[in-house]
Each structure stands twice: as C-alpha cells, then as structure tokens.
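# Structural description and commentary
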Amino acid sequence: MKKATAQAFANIALVKYWGKTHGTLRLPTNSSLSVAMDKIQTTTTVEFSPDYDADQIIIDKDEFASHEAERVIVFLNLIRQMAHTSLKAKVVTKNNFPRAVGAASSASGFAALSLAAAASAGLDLSEKELSILARQGSGSACRSVTGEVSVWHAGSSNETSFAERVHLPAEWNLTVLMTFTDDVTHKKIGSTQGMALTQETSPYYQIGVEEAELNVVRIQTAMERADWMAFGKVIEDEMYRLHALCMTTTPNILYWSSTTVAVFQRIYDLREQGIAAFFTADAGAQVQVLCQGKDAARVKQELAAVPGVREVVTCGVGGPAKLIAEDLF
Ligand code: PMV
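None of the values given here were measured: they were computed from a predicted structure. (Residues numbered from 1 in each chain as written. Predicted model: local features only at pLDDT ≥ 70, side-chain atom pairs only at ≥ 80, totals over all residues. Heavy atoms only, no water.)

Glancing now at the packing of helix α6 (residues 205-224) against helix α7 (residues 228-247). For any two helices packed against each other, the geometry is given by the interaxial angle and the distance between the axes. The contact between α6 and α7 brings their axes to 9 Å, and the two run at 160 degrees. One element, α6, and the other, α7, form an angle in the roughly antiparallel class. Here the hand of the crossing between α6 and α7 comes out left-handed. Along the contact surface, α6 presents Y205, G208, V209, E211, A212, N215, R218, I219, A222 and M223, while α7 presents A230, F231, V234, I235, E238, R241 and L245. Across the contact of α6 with α7, the residue classes break down as eleven nonpolar, two polar and four charged. (Axes fitted to C-alpha atoms, helices over the stretch in contact; angles between N-to-C directions. Helix = DSSP H or I, 4+ residues; strand = E, 2+ residues; numbered from the N terminus. Parallel < 35°, antiparallel > 145°, perpendicular 65-115°, else oblique. Left-handed = near helix turned anticlockwise from the far one by under 90°. Contact = heavy atoms within 4.5 Å. Nonpolar A, V, L, I, M, F, W, Y, C, P; charged D, E, K, R; others polar.)

This is the structure we're talking about:
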C-alpha cells in the first residue's frame, strides 16, 4: 500500500447543518449549502503499512487531544473495513489555521483524510462516494470533498446523503473574509454535542429544519438569478436561525463574543453606506463576511479596525479536495 497526501479546504455553511437523523452515519435533519475558502486548508498524509504495530496519529505536531486522535482511528476502521485490510496506519495532518474555533476544521480535516486514506488503501472511489465517506467522519466534510459552492442533499440513507457543486455567478468574484477574533479558545460545546442538545431541547427545532430546506431552495434561486441582495438575505437569516436554535437549547448555548456582535454591527453600518456585505458564523465566535470581489479591500479594512479583531484572512472560493505529490513524512 502506498503513501498518499491530500489537501482540502474548509467550508463555511451558508445554509446550516445542525442535527442528525442517524448518529453514526451522520445523516442530517436538513440539507445545507456551503462555500469553500481557498486560504484555509488541511493537508494530510496517510500510509497503511505492515511496518506499523498501531495507528499513529499526529495532528499539528503535538497540539491535539486524545479524543481527536480516537475519532481519526474510528474513521480508519471504516476504511479498513471497506478495503478488507487490517493494516495499521500513520496519519500526519497539518492545518494552516487554529482548530476548533468555528473555523470548520473538522470539515477540511475529514475531507483530506478521506481522500488520502482511500488512496493509500487502494480504494477507487468516485467523488460522490468520497463525499459519502467523508460525511461519516464529520458531516460538513462531505461539502469540503466537492468544494466551491456545494449543496449537501440530506437524503434518507447512506447512499442518498452526499454533496455536489452548484452554480455560483462568476461575476460576483465571491470573497469570504474570515474574521478571527481575540476569542480563539477552544469551543466550550463542540458541534456534535451542541446539535444533539438542540435537537432534544429547543422548542423551535422542527420549524427550524423546515426553514433550512426552504433556504436551500431560496439561495440556489438567488444564485441562478445572480441576485446578490437575495443571496445575502438568506445568509444572514440562516446565521440567525442556527444561533436562535443554539440560544433556545437547554442549557442555552451562546457562541458569540462581544467582538462577534461588534463585527455584525460594523457590517450593518457598511450596508448603510452602500457596501453590500453580509455576515455568517458557525458554532464559534469567529465571523465570516461575504462580499463581492470589488468591495473586498474596503470591507477588510473596516473589519480589521473593529476592536477585538485579531486577523482578517481574505479567501476566494476553494476547489474540491485533491491529491498532491508532497508528503508530510
Ligand atoms: O460537521 P460538524 O460536526 O463540524 O458540524 C458543522 C456544524 C456547523 O458548522 C455549525 C454548520 C455546518 O453546516 O457546517
């Protein structure tokens, strides 16, 4: 078996996934839609080999917790089952951004791992099959396999729940300004636990799921018509929908920091000045601001001036996960 290395971009959900109908298969309660960010990526090298007595997992040198390594091993077991092998593997992963702070690290992580591990184990999978595989590592990872703007069809079984790319108007030069706030502590409640609590306890859960399905249709219609304002309206509605569900969970989950809200307010101010930028946030205090390429420099300058903002990374739209020649070990 050969060594294989893959790279995948993180994605930010514009229509959010927050809840499952099947735990281990990670089938979602609703479809979702995301854009991949071309500056935020994971690189992973995998080698299944008789030389290894046990799985060896290294994430960002030594900066990882044992439960993160265990989740990778569970995923390797799935690959071994598919490839009919009992060989142990070495996995080395490198992220170019802080993990577990709402920067969608599990999405790029499991997308890169799926592609590298499948290649190392000699599995010949289509993009759809890879998306199905990555979903079982981390739900949102199925959208990082396909990249660009992807819709994850909720489906009702392992075979019917996968991501595929959809149309994005090229003339927008869609730009995502990844806004890192001072609050880069690891999330208090991770997405797996958070969504389970929301599903069990938020009185608004079911209506939220129905609204998400409608928003997938609304946002795709907006992109087909190249209607930027309609696109932005769905993005912010979806951001508030996710966080309203979190806030109405028992125990209440508040992912925002004061800087998160200050960024939202700065974007409202900019819109009053005629700059149509829109914000979103996943399960963390970081904010992603979407704008058209022509406005990116101005919006970035405004964001960088918000007290508490540490760094703003300008991202274009990232492509699908891919194999690369440079191995990490
Ligand atoms: O795939 P997970 O377990 O990292 O969950 C992702 C959840 C959100 O990022 C909040 C929403 C989404 O659709 O990516």
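Between the first and last C-alpha of α6 there are 29 Å, a value that for 20 residues agrees with the 28 Å anticipated at 1.5 Å per step. For α6, the full list of buried residues reads Y205, G208, V209, A212, N215, V216, I219, A222 and M223. Axial view of α6: buried residues confined to an arc of 140 degrees, hence all on one face. The exposed set on the far side of α6, more than 90 degrees from its buried face, consists of I207, V217 and E224. (Expected span 1.5 Å × (residues − 1). Buried < 20%, exposed > 50% of the residue type's maximum accessible area, 1.4 Å probe, protein only. Arc of directions from axis to C-beta.)

Looking now at the side chain of S150. By the element assignment, S150 lies in strand β7 (residues 149-152). A polar atom in the side chain of S150 sits 2.7 Å from the side chain of T146. Residue contacts for S150: discarding those within four places in its chain leaves S32, L33, S34, R143, A163, E164, R165 and V166. (Polar contact = N/O pair within 3.5 Å; in protein donor to acceptor, adjacent residues only side chain to side chain.)

Taken together, 13 residues form the shell around the ligand, and within it Y17, S106, S140, R143 and S191 come nearest. Contact between the ligand and S106: an oxygen atom at 2.9 Å from a side-chain N or O atom of the residue. Compared with its free state, where it exposes 380 Å², the ligand has 94% of that area covered by protein. Split into classes, the residues belonging to the shell around the ligand amount to five nonpolar, five polar and three charged. (Near = heavy atom within 4 Å. Areas by Shrake-Rupley, 256 points an atom, 1.4 Å probe, with all protein chains shown as cover.)

Here we come to the nonpolar core. It is characteristic of soluble globular proteins that their nonpolar side chains tend to be buried jointly. Residues L14, L33, V35, I219, F231 and L290 are the most contacted members of the largest nonpolar core, which totals 31 residues. Listed by contribution, the elements that provide at least two residues to this core are β1 (3-15), β4 (32-49), β7, β9 (175-181), α6, α7 and β12 (309-315). Looking at this core element by element, the count peaks at five residues for α6. Aside from chain neighbours lying at most four places away, what touches F231 is L14, W172, L174, I219, A222, M223 and L290. V46, V72, F75 and L115 belong to the second largest nonpolar core, which has 30 residues in total. (Core = buried A, V, L, I, M, F, W, Y, C linked by side-chain atoms within 4.5 Å.)

This part is about unusual backbone geometry. The omega torsion across T250 and P251 is -5 degrees, close enough to zero to call that bond cis. Within the fold, P251 resides in the loop between α7 and α8 (258-272). One non-glycine residue, H84, lies in positive phi territory at about 50 degrees. Structurally, H84 can be placed in the loop between α1 (66-83) and β6 (88-95).

Right, let's talk about the pattern of salt bridges for a bit. Inspection of the entire model under this criterion finds twelve salt bridges. As a salt-bridge pair, E238 and R241 come within 2.8 Å of each other at their nearest N and O atoms. One end of the pair, E238, and the other, R241, are both in helix α7, three residues apart, so they sit about a helical turn from each other. Assigned by exposure class, E238 and R241 land together as buried. Connected through shared salt-bridge partners, R266, R298 and E302 make up one network. (Salt bridge = Lys/Arg side-chain N within 4 Å of Asp/Glu carboxyl O.)

It is worth spelling out the side chain of R241 at this point. Residue R241 is classed as buried on the basis of its relative accessible area, which comes to 11%. If we ignore the near neighbours within four places in the chain, the residues touching R241 are K16, N30, G208, V209, E211 and A212.

Taking burial as the measure, the seven residues of β9 include seven buried ones, the bulk of the element. Because side chains alternate across β9, one face comprises the buried residues T175, L177, T179 and T181, and the other comprises V176, M178 and F180, equally buried. Relative to strand β11 (residues 287-291), β9 runs antiparallel, the two sharing five bridges. Bridging from a neighbouring strand, L177 pairs with V289 of β11. Note: β9 against β12, six bridges, orientation antiparallel. By the bridge assignment, M178 is partnered in β12 with V313. (Pairing = 2+ DSSP bridges.)

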